[in-house]
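Chain by chain, the residues run as shown.
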Amino acid sequence: MKKLYVLFLIWSVSVQAQPKEKIKVSDLTKVRQVGNIAISPTEKQAIYTLLTVEPLPDSPFEYDYKTHLYLVDLTNKNEPVALTRGSESASAPEWSPDGTKIVFSRKIKDKTQLFILPVNGGEAWQLTDLPYGASNPKWSPDGSKIMFSTTLSMSEMLKDSILNPWKTVPVWSMEKPGFSNNNFVKKDKSIKANPDGTLAEIRAYLDKDVEDKKAKVINRLNFQGESTTQPELTFAHLYMIEPKEGAKAKPVTKGFYSFGQAIWTPDNKIILVTQGDSLQHPDRSKSSRIVSMNADGSKISVILSDRAFSFSQPTISKDNNSLAYISSSAAVKPATLDQGHIGILTLGSGSKPYISSFDRVASNLTWAADSKSLYFAAASNGGFPVYKLTLTSKKIDQLTGYDTGINSFDVSKTAFVYSKTEVADPSEIYTADLGLKSEVKRSNHNTEWLKDKILSYPEKHTLKNSKGQTVEYWIMKPAKIDAGKKYPLVLQMHGGPTAMWGPGEISMWHELQFFCAQGYGVVYANPRGSGGYGLDFMKANFQDWGTGPAEDVLAAVSMASKESWADTSRQVITGGSYAGYLTAWIVGHDNRFKAAHAQRGVYELTTFMGEGNAWNLVPNYFGGYPWQAEIKKVMDANSPQTFVENIHTPLLIKHGENDLRTGIIQSELLYKSLKILGRDVEYVRMPGGTHELSRSGNPRQRIDRILRIYEFFERYVGEK
C-alpha cells in the first residue's frame, strides 16, 4: 500500500510539473469570439452569436470563418448550447415577443435571407427569398410582422417597379457632365449597340460595355469601397413580412434614399435614420435625420433634423417616452474633428434634447427595463467599460474597469448578460446583477485551449508629453524570462489615428501574446490623437500626424527599454494603417530601431487624397486640400515620403492588393523609392487582401502576416 502511495505521489508531481505551452501562431485559429447578445422576453434565456475559425476539409492550412447561434439558460449554470451548426453561418438573431421563436439571417446562393427557428425544437425554415437579399430583422412588438432591410444598386432601382413605382430619377443631380435632365440619358431599347453607328447607337454600345463589365464609368465622389471601386450608388430600404410560410414581403420605404438603423417603438411604429438633405447627392449629404413612420411607411414625421449634425443609434425607452441617440458634427468645411455625443429627447414634450457632456464615444445604447436609466459602453483608457446614465439626475456612473472590454451586452429587469475581453481570456459570456457586481462566467469557449498556455500580462504606466497631456502605455514582458538574459523589445502602434489599445481590446490579443511567447517584450501606447481620452486629446494631432505622436510613443519605448530584461540594442517597431504611416515617419527621423514593419500605411498625403476611401482624413486633419499652397506645405511636412532619404532602418512593407482604404500606391511609392536608394527593404503584397486583413481577412494570410513580421525581425535582432 505504501508503494502505491509513493507511486501516486510521483505521478501527481509529474503531472503538475508538465510545462505550460507558449502561445503559437496557429492559436489564432482557436480564438472564439462572442458577438451579438439578446435576452429573451421571458428573461430566462439569452441568445448570442459565436465567431469561430474552422479548417477547410482537404485544404491544408486553409480556414474559413463560421458564425453560429448559441443559447444560454439564465435559470441554471449549464453550459450554453449550439442552436445552429454546419457549413452555413447564422447571424443577427432576434427573439419573437412571446419568446418561442428566433429570426436570424443566413446566406443562400450568395444572398442573405431570413430564417425562423423554433427555440424548443424543430428545424429552421426560410422566410424570405428576395433577389436583393434580406438582413437586420426586427420583430414587431405585437409579433405580427418582421421588419428587415435590403440593399440594391442605382441600376436596380431604376428598373424596380416596386421600390421606384413612379419610374422616376433622383431629384438630386447624378453629376454626369454635359447632360441636362438630371444627367440621365433616356434609353430607347429599340436602339441597337453599334460602335460605328449614330451617336445614340454608340451610347448604346458604351452602355453594353458597362453592362458586360468591360468598363466602369465613375461620376460619384465616394466611389471607393473597401476592396473594389463602386461606380454605382446603393440604397438600403425597409421591408415588412409576416412570420409565416409563404408570406410575401412588402416595402415600407421607397425612392432614391437609404433608410437604416430602424427600430420599433412599443406602439408598433418605426423610427429610423435617413439622409439629412433630400436635395443633395448622397455622397455630399453629411447630415442625417431621425424620422418616424407607421409600419406601412405612411405618416412620416421628422423627430430630429439639423444640417450641422448627423444622428445615429436611435434607441427608444421601454415606456415610449424617451429617445436616446448619438449626434456628431456634420459640417462640410475642413478641419471638422468631432466625436459622438449622447442625446436624449423627451418625445412629445416640445423641449430641446439633453446633450450629455460625457467625453467619450458611446455605443450600444440600451435602456433599462424601467426606462429610468440608459446603459452604454465606451472606449476609455485602454478598456471598454460599461456606463449607466440616470435619467433624472443625468449622472453617469462607470460600472466596469479599464482593464477589460465589454464588447456586447443586453439588460433585463434583474440581470446583465455580456461578453467580456480580458488578458486571461479573449471572449466569454458572463452574467451579473444590474450593477455588474455579482459576475458569473457562463461559457468556456476559450477556456480549454488556454488552460495550459503561458500568458503575458500588460503593466500600465503613464508619462507626460510636451503638451502636458497624460499618455498611457503598457509593457508586456517576454512570456518566459531567464535570469540575466536580455530580450528584444518591439514597439507596437495602433492606427486610426483615433483607435485605442489596452487590456480590454480584442483585435491584438493574439498577436501581442505571440510576440511575448517568442521572447520579445512588447510596449504599446495611446499617443495624442488616440480615442478613449476625450475630444481635446483626440484633436491634439491636428496638422501634426508625425512629430507629436512620435514623441509620445518613443517616450514610451524609452521607458520600456529601462526594464532589466530589455536589450536596448535590439529594438524593433511596427504598426498598421495610420500606425504604418507613423512607423515610416519614425524610421525617417530616428535610427534606434534595428528593423521596422510598416503595414497598409499612408506615406504621401497628397496622393492619399485621391487614392484611399478614407480621404476625408486629409481635409479634417490638415484643414484643407493639397491644391491650397499653405495646406500643401503642411501636408508635405507631415508626409514620411518627404523624408525617405533619411530612412536607413531595414523596412518590411506590407499591403493588401484590394485595400482601397489606404491604397496600394502608397506602399509602392515608398518601396520603389527605398529600392532606388539602395536601402534594405522588402515588399509583401497580399492577393485579395483588404484593409481589414489583420482582423477579419483570410486566416492563412493573417498567420502569414504575423510570421513575416517575426521572421523579418529575427534577421536583425534574433539570437545568432
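Thresholds applied
- Residues numbered from 1 in each chain as written.
- Predicted model: local features only at pLDDT ≥ 70, side-chain atom pairs only at ≥ 80, totals over all residues.
- Heavy atoms only, no water.
- Core = buried A, V, L, I, M, F, W, Y, C linked by side-chain atoms within 4.5 Å.
- Buried < 20%, exposed > 50% of the residue type's maximum accessible area, 1.4 Å probe, protein only.
- Helix = DSSP H or I, 4+ residues; strand = E, 2+ residues; numbered from the N terminus.
- Contact = heavy atoms within 4.5 Å.
- Polar contact = N/O pair within 3.5 Å; in protein donor to acceptor, adjacent residues only side chain to side chain.
- Axes fitted to C-alpha atoms, helices over the stretch in contact; angles between N-to-C directions.
- Parallel < 35°, antiparallel > 145°, perpendicular 65-115°, else oblique.
- Nonpolar A, V, L, I, M, F, W, Y, C, P; charged D, E, K, R; others polar.
- Phe/Tyr/Trp six-rings, centres within 6.5 Å; stacked < 30°, edge-to-face > 60°.
- Lys NZ or Arg CZ within 6 Å of the ring centre and 35° of its normal.
- Expected span 1.5 Å × (residues − 1).
- Pairing = 2+ DSSP bridges.
- Right-handed = clockwise from strand over helix to strand, strands pointing away.
- Salt bridge = Lys/Arg side-chain N within 4 Å of Asp/Glu carboxyl O.
- Left-handed = near helix turned anticlockwise from the far one by under 90°.

J.: When you look at the nonpolar core in this model, what are you seeing that I'm missing?
T.: Side chains that are nonpolar tend, in soluble globular proteins, to be buried together. Among the nonpolar cores identified, the biggest contains 91 residues, and V523, I586, L670 and F713 are the most heavily contacted of them. With 8 residues, helix α8 (residues 578–587) is the single largest residue contributor to this core. If near-sequence neighbours (up to four positions away) are discounted, I586 is found in contact with M493, A550, V553, L554, I573 and F593. Y132, A134, F184 and I241 belong to the second largest nonpolar core, which has 23 residues in total.

J.: Before we go on, may I ask you to explain the environment of S292 in this structure?
T.: Along the polypeptide, S292 turns up in strand β16 (residues 288–293). Apart from the residues lying within four places of it in its own chain, the contact partners of S292 are I270, I271, K299, I300, S301 and I303. Here the side chain of S292 touches S301 through a polar contact of 2.7 Å, side chain to side chain.

J.: What is the right way to look at the packing of helix α7 (residues 547–560) against α8 in this model?
T.: Any two packed helices are characterised by the angle at which their axes cross and by the distance between the axes. Running from amino to carboxyl end, α7 crosses α8 at an angle of 85 degrees, the nearest separation of the two axes being 10 Å. Relative to α8, the element α7 is oriented roughly perpendicular. The segment α7 lies against α8, with T547, P549, A550, V553 and L554 engaging Y578, L582, W585 and I586. Looking at side-chain class alone, the contact of α7 with α8 contains 8 nonpolar, 1 polar and no charged residues.

J.: Sorry if this is basic, but what is going on with the packing of aromatic side chains here?
T.: The relation between two aromatic rings is expressed through the spacing of the ring centres and the mutual angle of the planes. Summed over the entire model, instances satisfying the criterion amount to 32 aromatic pairs. Their ring planes at 70 degrees and their centres at 5.3 Å tell us that Y375 and F416 sit as a pair that is edge-to-face. Note that Y375 is positioned in strand β23 (residues 373–378) and F416 in strand β27 (residues 416–422), a separation of 41 residues in sequence. For Y375, a relative accessible area of 1% puts it in the buried group. Here W474 and Y524 contribute two aromatic rings whose centre-to-centre distance is 5.5 Å and whose plane-to-plane angle is 15 degrees, an arrangement assigned as stacked. Of this pair, W474 sits in strand β32 (residues 470–476) while Y524 is found in strand β34 (residues 521–525), placing the two residues 50 residues apart along the sequence. Connected via pairs of aromatic rings, a cluster forms that spans W545, Y578, Y581, W585, Y621, F622 and F643. Over the face of the ring belonging to Y354 we find K394, whose NZ or CZ atom lies 5.2 Å from the ring centre. The lysine or arginine in question, K420, covers the ring of Y430, its NZ or CZ lying 4.3 Å from the ring centre.

J.: Could you clarify how one ought to interpret helix α3 (residues 199–211) in this entry?
T.: Note on helix geometry: an α-helix contains 3.6 residues per turn, so any two residues three or four positions apart are oriented the same way. Over its 13 residues, α3 extends 18 Å from the first C-alpha to the last, a length consistent with the 18 Å expected when each residue adds 1.5 Å. Among the residues trailing α3, K213 stands out with phi positive, at a value near 60 degrees.

J.: What is the right way to look at the side chain of Q224 in this model?
T.: Of note, Q224 is situated in the loop between α3 and β12 (234–241). Judged by relative accessible area, Q224 falls into the buried class, the value being 14%. Here the side chain of Q224 touches G610 through a polar contact of 3.3 Å, landing on its backbone oxygen. Of note is the side chain of Q224, whose polar atom sits 2.6 Å from the backbone oxygen of E611. Beyond its immediate stretch of four places on either side in the chain, Q224 contacts T229, G610, E611, G612, N613 and L660.

J.: What's the story with the pairing of strand β28 (residues 425–432) in this structure? I'm lost.
T.: As a general feature of sheets, a regular strand has side chains that alternate between the two faces. When you tally the buried positions in β28, you get 8 out of 8 residues, the bulk of the element. As judged from the 6 bridges shared by β27 and β28, these two strands associate in the antiparallel manner. Its bridge partner lying in β28, K420 is registered against E428. Turn length for the β27-β28 hairpin, with the two strands adjacent in sequence and antiparallel, is 2 residues.

J.: Help me understand the sheet that holds β28, please; the structure alone is not making it clear to me.
T.: Strand order in this open sheet of 4 strands is β26-β27-β28-β29, and the pairing throughout is antiparallel. Of all strands in the sheet, those with a lone pairing partner are β26 (405–411) and β29 (440–441), marking the two edges.

J.: What exactly am I supposed to notice about the pairing of strand β35 (residues 566–576) here?
T.: Burial analysis of β35 places 9 of its 11 residues in the buried class, which makes it a mostly covered element. Relative to strand β36 (residues 595–599), β35 is paired through 5 bridges, and the arrangement is parallel. Bridge pairing links V572 to A595 in β36. For the crossover from β35 across α8 to β36, the handedness is right-handed.

J.: Got a minute to help me understand the pattern of salt bridges in this structure?
T.: Any two side chains of opposite charge can pair, given that their charged atoms come close. Per the counting criterion, the structure on display carries 32 salt bridges. E657 is the salt-bridge partner of R685, the closest N and O atoms lying 3.4 Å from each other. A residue pair is termed long-range when its members are at least 10 positions apart, and R685 in strand β38 (residues 681–686) and E657 in the loop between β37 (651–656) and α12 (664–676) qualify at 28 residues. On the accessibility criterion, R685 (26% relative accessible area) is partly exposed.

J.: What is the right way to read the packing of helix α5 (residues 509–517) against helix α14 (residues 699–717) from this model?
T.: Interhelical geometry of α5 versus α14 gives an angle of 30 degrees and a closest axis separation of 11 Å. Between α5 and α14, the angle is such that the two are roughly parallel. For the pair α5 and α14, the crossing hand works out as right-handed. Contact residues: α5 offers H510, E511, F514 and F515, while α14 offers R705, I706, L707, I709, Y710 and F713. Taken together, the residues of the contact of α5 with α14 break down into 7 nonpolar, 1 polar and 2 charged.

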